[in-house]
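Take a look at the letters that make up each chain.
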Amino acid sequence: MQADALRGLDDNLADLRDLRADRGHTPAEPEEMAAFLESRRGVLRRLGLTGGGLATRGLLGGGLAAALVSTLTKPVFADSSLDVMMLQTASSLEHLAVATYGAALQLPFISGGNAVIKTFAMTTMDQHNQHKMAFQAQTTALGGKVQNSDDPALAPMVATAKAALKAPLDVVNLAALLEYTARDTYLADVSMFTDKKSQMIMSTVMGVETQHLATLLAVAALLPANDPTLIAIPVDASKLPAAAGSAGFPDAIPNTTHARPAQEGAVS
């Protein structure tokens with residue numbers, strides 16, 4: 001799935017450079033901005049603490065909530081296309097994921113713990129790094145500035161959560177939140193891309209994030225059993241609790257509950 005997600009990248013970059021030349025240095029089109037503003041209003045509605053947003057998961061306190069609202073209500077960059085802003089924000093999410101998995105691998109109960117969890121963390125970190133580089137390459141091809149920093153709104157929340165990591169389940173839950181965020185953001189973004197090949201690449205990357213998330217949710221269902229032998233490859237299905245078969249897919253149809261606004265990680 002990872003190979004499929006990035007297979008068309010090289011061919012796409014030439015097309016993006018042509019698209020940039022055709023557009024010139026122009027701001028986002030009115031239709032783009034209308035779609036973007038509606039997306040941002042949706043995030044603000046979710047900050048009303050309804051549904052299963054970040055706040056209801058205990059990761060968004062009053063001060064951080066205020067900071068996030070401030071970020072969401074800032075004017076967009078007038079000289080950036082919506083495609084570029086979405087790619088920059090995606091890069092910032094991937095950058096944060098790489099840093100978080102890297103920090104987790106330094107924890108003794110991960111580095112010296114269950115071999116499958118450790119291997120998953122290493123492999124997933126590498127895949128997120130590849131996603132980041134793919135989004136950065138697309139950004140450059142469109143004439144945008146590369147985003148090579150963490151998502152500015154999520155970074156302080158993740159830093160707080162990392163300081164409280166005491167056990168493998170804590171790590172798995174934090175990683176799952178980041179995968180939820182990436183999946184939901186890309187799901188929200190794909191409908192707004194003007195470039196169809198960029199849309200295709202983000203869609204397939206979203207599939208990889210969904211696979212990451214499903215694995216983490218399955219592991220999170222197994223960890224409370226206090227039997228690390230259950231988390232193994234190959235899997236002995238006869239020993240697994242029934243929840244292991246469905247835990248990875250809690251939503252029949254993915255939604256955009258955790259989606260980040262397009263301009264959140266944008267740079268000018």
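See the structure printed just above.
Thresholds, definitions, all that
- Residue numbers restart at each chain and count upward from 1, following the sequence in its written direction.
- The predicted origin of the model limits local features to residues at a pLDDT of at least 70 and limits the giving and counting of side-chain atom pairs to 80 or more, whereas totals for whole chains, interfaces and linings rest on all residues.
- Note that water and hydrogens are dropped before the side-chain values are worked out from all heavy atoms of the structure.
- Put plainly, a pocket is an open set of points on a 1 Å grid over the protein atoms alone with protein on both sides within 12 Å along at least five of seven lines, a cavity is a set where a 1.4 Å probe fits but cannot get out, and a lining residue has an atom within 4 Å of a point.
- Grid points are joined across faces, edges and corners, and a volume is the space filled by probe spheres set on the points.
- Counting from the N terminus, the helices are the DSSP runs of H or I reaching at least four residues and the strands are the DSSP runs of E reaching at least two.
- Following the grouping adopted for this structure description, the nonpolar residues are Ala, Val, Leu, Ile, Met, Phe, Trp, Tyr, Cys and Pro, the charged ones are Asp, Glu, Lys and Arg, and the polar ones are all others, Gly among them.
- Working rule for helices: expected span equals 1.5 Å times residues minus one.
- Relative accessibility thresholds used throughout: buried, under 20% of the residue-type maximum; exposed, over 50%; partly exposed, between the two (1.4 Å probe, protein chains only).
- The contact definition used throughout considers only heavy atoms, calling two residues in contact when any of these lie within 4.5 Å.
- Each polar contact in these results corresponds to two N or O atoms within 3.5 Å; when the atoms are within protein, one needs to be able to donate a hydrogen and the other to accept it, and residues that are neighboring in sequence are counted only if both atoms are side-chain atoms.
- Axis definition: a line fitted to C-alpha atoms, over the contacting stretch in the case of helices. Angles run 0 to 180 degrees between N-to-C directions.
- Comment on the angle field: the value is read as roughly parallel under 35 degrees, roughly antiparallel over 145, roughly perpendicular from 65 to 115, and oblique elsewhere.
- Left-handed describes a crossing in which the near helix is turned anticlockwise from the far one by less than a right angle; the clockwise case is right-handed.
- Just to be clear on terms, a salt bridge is a Lys or Arg side-chain nitrogen sitting within 4 Å of an Asp or Glu carboxyl oxygen.

Caption draft 1: Molecular detail of the layout of surface pockets. Here the largest pocket defines a volume of roughly 550 Å³. Taken together, 28 residues form the lining of the largest pocket, with V116, F120, T215, V219 and I233 sitting closest to its centre. At the level of secondary structure, the elements contributing two or more residues to the lining of the largest pocket comprise helix 5 (82–104), helix 7 (115–141), helix 9 (168–190) and helix 10 (196–222). It is helix 7 that provides the largest number of residues to the lining of the largest pocket, a total of 8 residues. Grouping the constituent residues of the lining of the largest pocket by class yields 21 nonpolar, 7 polar and no charged.

Caption draft 2: Main features of helix 9. Spanning 23 residues, helix 9 covers 33 Å between terminal C-alpha atoms, matching the ideal 33 Å at 1.5 Å per step. With respect to burial, helix 9 is a largely interior element, 18 of its 23 residues being buried.

Caption draft 3: Representation of the environment of E209 in the model. Mapped onto the elements, E209 comes out in helix 10. Considered as a pair, E209 and T181 are 28 residues apart in the sequence and their alpha carbons are 9.3 Å apart. The residues touching E209, leaving out its near neighbours within four places in the chain, are E94, H128, H131, E179, A182, R183 and Y186. Polar contacts involving the side chain of E209 include one to the side chain of H131, which spans 3.1 Å.

Caption draft 4: Molecular detail of helix 7. Compared with the 39 Å implied by 1.5 Å per residue over 27 residues, the 39 Å span of helix 7 between its first and last C-alpha is a close match. The positive-phi residue at the C-terminal boundary of helix 7 is G143, with phi of around 85°.

Caption draft 5: The packing of helix 5 against helix 7, seen in detail. In the contact formed by helix 5 and helix 7, the axes pass within 8 Å of each other and the chain directions differ by 155°. The orientation of helix 5 relative to helix 7 falls into the category roughly antiparallel. The element helix 5 and its partner helix 7 pack so that their crossing is left-handed. Along its contact with helix 5, which presents V84, L87, Q88, A90, S91, E94, H95, A97, V98, Y101 and G102, the element helix 7 presents F120, A121, T124, M125, H128, N129, H131, K132, F135, Q136, Q138 and T139. For the contact of helix 5 with helix 7, the class distribution of residues is 10 nonpolar, 11 polar and 2 charged.

Caption draft 6: Up close: the pattern of salt bridges. Summed over the entire model, instances satisfying the criterion amount to 3 salt bridges. Between D236 and K239 there is a salt bridge, with its nearest N and O atoms 3.9 Å apart. Take D236: its relative accessible area is 38%, and that puts it in the partly exposed class. Judged by its relative accessible area of 60%, K239 falls in the exposed class.

Caption draft 7: Region of the structure containing unusual backbone geometry. For the peptide bond that leads from I233 to P234, omega is 5°, which places it in the cis range. One non-glycine residue with positive phi stands out, namely N226, at about 55°. Locating N226 in the fold gives a position in the segment after helix 10.

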